[in-house]
Amino acid sequence: MWDIIEIVEWFDEARDLLAVKNIDVLNDENKSIAELRDLGYERSFLFNEDEQFRYYNEFEECFSSFKFHLRGTPTPIYYIGLYNGKGEISYYSREEEVYKRYWFNMQEFLNNTNKILMDVRQT
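Small disclaimer: the values here were computed from a predicted structure and weren't measured.

Asks: Account for the overall build of the protein, with residues named and values stated.
Replies: Helices and strands together make up the secondary structure of the protein, namely four helices and four strands. Beginning at the N terminus, the succession of helices and strands in the protein can be written as α-α-α-β-β-β-β-α. Across the 123 residues of the protein, 32% fall into the buried class. Summed over all atoms, the accessible surface of the protein reaches about 8400 Å², with 51% contributed by carbon and sulfur.

So this is what it looks like as structure tokens:
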């Protein structure tokens, strides 16, 4: 079970970072943020145990800034962030077995979301 407070808390924590943090992972094939995150786990076999542990920690640290999910719901894990200077939201659709990606104006998203959530904060 979740409520709007989870969204408010996530937004308050992520707002400043979303405005400036670009995904900085090598992406020769122009994959979405969600797909890059999943592909990163396929590369872990290249490391010994200590290297793998460091890799996973750094990898999760990188992508944690972009992750949004409502715990306890069947909704997908969304990745929201700046990618090549544009806002992106992406996720893996289990039903269609494909990654979905949508582009948007990040600053407009942040401003509009902040205005909407301002009412929630005041109640």
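That shown, we press on.
Asks: Go over the confidence of the model for the protein with me, naming the residues and quoting the values.
Replies: Here the protein shows a mean pLDDT of 81. Residues at 70 or above account for 89%. By mean pLDDT, helix α3 (residues 49-64) is the weakest element of the protein at 78, and strand β4 (residues 98-104) is the strongest at 95.

Asks: Residues and numbers for the packing of aromatic side chains, please.
Replies: Scanning all chains against the criterion turns up six aromatic pairs. Each residue in the set Phe-11, Phe-104 and Phe-109 is aromatic and connected to the rest through ring pairs, giving one cluster. Here the basic side chain of Lys-86 rests over the ring of Trp-103, its NZ or CZ set 4.2 Å away from the ring centre.

Asks: Give me the side chain of Ser-93: which residues, what numbers.
Replies: Relative to the elements of secondary structure, Ser-93 occurs in strand β3 (residues 86-93). Ser-93 has contacts with Val-98 and Lys-100, leaving out every residue within four places of it along the chain.

Asks: Describe the packing of helix α2 (residues 33-42) against α3, with residues and values.
Replies: One can describe the packing of α2 onto α3 by two numbers: an axis separation of 11 Å at closest approach and a directional angle of 175°. It follows from the interaxial angle that α2 and α3 lie roughly antiparallel. Residues Ile-33, Leu-36, Arg-37, Gly-40 and Tyr-41 of α2 form the contact with α3, whose own contacting residues are Tyr-55, Tyr-56, Phe-59, Glu-60 and Phe-63. Tallied by class, the residues present in the contact of α2 with α3 amount to seven nonpolar, one polar and two charged.

Asks: Requested: an account of unusual backbone geometry, with residues and values cited.
Replies: Phi is positive for Glu-97, which is not a glycine, with a value near 55°. Structurally, Glu-97 is set in the loop between β3 and β4. For Glu-97, a relative accessible area of 62% corresponds to the exposed category.

Quick notes on the rules
- Residues numbered from 1 in each chain as written.
- Predicted model: local features only at pLDDT ≥ 70, side-chain atom pairs only at ≥ 80, totals over all residues.
- Heavy atoms only, no water.
- Helix = DSSP H or I, 4+ residues; strand = E, 2+ residues; numbered from the N terminus.
- Buried < 20%, exposed > 50% of the residue type's maximum accessible area, 1.4 Å probe, protein only.
- Areas by Shrake-Rupley, 256 points an atom, 1.4 Å probe, with all protein chains shown as cover.
- pLDDT = per-residue confidence, 0-100.
- Phe/Tyr/Trp six-rings, centres within 6.5 Å; stacked < 30°, edge-to-face > 60°.
- Lys NZ or Arg CZ within 6 Å of the ring centre and 35° of its normal.
- Contact = heavy atoms within 4.5 Å.
- Axes fitted to C-alpha atoms, helices over the stretch in contact; angles between N-to-C directions.
- Parallel < 35°, antiparallel > 145°, perpendicular 65-115°, else oblique.
- Nonpolar A, V, L, I, M, F, W, Y, C, P; charged D, E, K, R; others polar.

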